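Observations on chain architecture
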Amino acid sequence: MSTVTEPFVHPALFYANTDEYLAGCVPFVREGLERGEPVAVAVPSYNLELIEAGLGEDAARVRFLDMQQAGRNPGRIIPGVLRAFADSHPDAGRVRLIGEPIWSGRSETEYPACAQHEALINHAFTGRAVSILCPYDTGRLDERSLADAYVTHPVVIDGAGRHSDSPAYDPDGLVARYNQPLPAAPGGIRLAYDYDAGTLPTARHRSVAEAAQLGLAGERLDDFALIVAELTTNSVVHGGGRGTVRLWSEEGRLVCEVRDAGHLTDPLAGRRPAGRDQIGGRGLLTVNLLADLVRTHTGGYGTTIRVYLAL
Amino acid sequence: MQSPERTAAGAPAPASATAAPHLAVRPLPEGRGVTLAGEVGLATRAVWTDVLAEAVEGGRSAYVLELSEVAFVDVAGAEALAAAARRLETGRRIVLHDPPRTLSRVLEMYWPGLPGIEVPTP
């Protein structure tokens, strides 16, 4: 009897304290190093320090990334962190990463995007010889985050190192469950503008002018211009030819919402890194790489995308 | 073959917040390249790709794009530029004078160090 084994390995690691964290992470890294695998660790800065100290001299052979910076937008983690590292080692037999995208400071606004990201990792790496260990802080994360980890990971490792298959594993179901209408915008909408092909530049000019009024400046204002251009151009080219852009500020962040009649049917849209020679496929990717947070609601009724940038 | 003045939407509009999309092209002396004014986006893509085609097919070793009056280039515009630069034979290049930050940002994100593109420091 032969079975086809999925080469992608994606366990969640449940840890309650520093000892459990190190007991789960350090041997995982060392095993990779012993086998000659490229290893990267992308976790919050306070945990980076723990793993680095735990590895001692071996730390020099590991790539460390502060997930609170590199992965503050969950939609950026697959293209900008995980695949960026895995794809840069095409000749490796296996690539190994630790990725901790969910920490206790993640807001209610961020969380659905975090959970969807964890689910989409499974699609992004299907068929590839990659191992990604995702630590979950059972002492500080809420029950929903831990329950969702069973849905987004085929295997869960507990604090004692026991591996168990997750019967709840259903990444597509989770992506759909969090594909919900976005909460109503608060008062104080600064801009609501309907655009079509002829008024795309005006939609961008007006959005950028309002963003500048709200305090966005310098390179981030240029990044925002690119983001608005990509989202509104997508509406014109793929989303029914027209759309509405709205803009406001919320909890110290600029929020820009683009709504159109399009339907995003590709769950990995904007999460595949672009090859140098590739033409197209950089619109939503650019939005994910530049924004601090992206939330999406999509269906046959249309698509709403909200982009958040820290002010 | 070079037309003296081309715009995507008639005469160049003033660069106000409600300007119609435009991208004006003026030749530089001796066929060294062109000066562009306006924005590169969906509505002006055809003008931009025509300029890039001329840069590639003209055969000059260095083709100058004077961009100080270009306020914005979108991702597809940067992509078209990178594709044009890749079509140049070794040693040939497109020289960008004073590109807008949006263009520099996207080139740096996706095509750092592309050999066919030169950005002289002013």
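Residues numbered from 1 in each chain as written. Chains lettered and ligands numbered in written order. Predicted model: local features only at pLDDT ≥ 70, side-chain atom pairs only at ≥ 80, totals over all residues.

**Examining the overall build of chain A**
If you tally the helices and strands in chain A, you get 10 helices and 12 strands. Radius of gyration (C-alpha) of chain A: 20 Å, near the 19 Å computed for a compact globule of 311 residues. Each of the 311 residues in chain A was classed as buried or not, and the buried ones make up 45%. Counted over contacts in chain A with a minimum sequence separation of 6, partners at least 24 positions apart contribute 68%. (Helix = DSSP H or I, 4+ residues; strand = E, 2+ residues; numbered from the N terminus. Rg over C-alpha atoms; globule rule 2.2 N^0.38 Å. Buried ≥ 20, exposed ≤ 12 C-beta atoms within 10 Å, placed from the backbone. Contact = placed C-beta atoms within 7 Å.)

**Quick word on the pairing of strand E2 (residues 33-40) of chain B**
All names here are of chain B. Along E2, six of the eight residues are buried, which leaves the element largely enclosed by surrounding structure. In this sheet, E2 lies alongside strand E1 (residues 23-27) in antiparallel orientation, the contact comprising five bridges. Bridge pairing links proline 27 to valine 34 in E2. Where E1 folds back onto E2 in an antiparallel hairpin, the turn is made up of five residues, including glutamate 30, whose phi is positive at roughly 60 degrees. (Pairing = 2+ DSSP bridges.)

**Quick look at the domain arrangement of chain A**
Residue and element names in this part refer to chain A. Domain parsing of chain A yields domain 1 (11-177) and domain 2 (191-310). Of note, the centres of domain 1 and domain 2, computed from C-alpha atoms alone, are 28 Å apart. Tallying the contact residues gives 18 residues for domain 1 and 14 residues for domain 2. Here the side of domain 1 that touches domain 2 takes eight residues from helix H4 (residues 74-87), the largest share from any one element. (Domains from an automatic or database assignment.)

**Side note on the interface of chain A and chain B**
If you look at the interface, chain A gives 23 residues, while chain B gives 20 residues. Of all the secondary-structure elements, those providing two or more residues to the side of chain A that touches chain B are helix H8 (200-213), helix H9 (218-238) and helix H10 (283-290) of chain A. Looking at the side of chain A that touches chain B element by element, the count peaks at nine residues for H9 of chain A. For the side of chain A that touches chain B, the class distribution of residues is 11 nonpolar, five polar and seven charged. (Nonpolar A, V, L, I, M, F, W, Y, C, P; charged D, E, K, R; others polar.)

**A short note on the sheet that holds strand E11 (residues 293-299) of chain A**
All names here are of chain A. The five strands are arranged E8-E9-E10-E12-E11 in an open sheet whose pairing can be described as antiparallel. Each edge of the open sheet carries a strand with a single partner, namely strand E8 (191-196) and E11. On average, each strand axis in the sheet is inclined to that of its neighbour by 15 degrees, with strand direction left out of account. Sheet strands touched by H9: E8, strand E9 (242-250), strand E10 (253-260) and strand E12 (302-310). Its angle to E9, the strand with the most contacts, is close to 150 degrees. (Axes fitted to C-alpha atoms, helices over the stretch in contact; angles between N-to-C directions.)

**Quick notes on H8 of chain A**
Residue and element names in this part refer to chain A. The first and last C-alpha atoms of H8 sit 20 Å apart over 14 residues, in line with the 20 Å expected at 1.5 Å per residue. In terms of burial, H8 is a largely internal element, 10 of the 14 residues being buried. Regarding H8, the residues found buried are Leu200, Pro201, Ala203, Arg204, His205, Arg206, Ser207, Val208, Glu210 and Ala211. Following H8 by one or two positions, glycine 215 has its phi on the positive side, about 115 degrees. (Expected span 1.5 Å × (residues − 1).)

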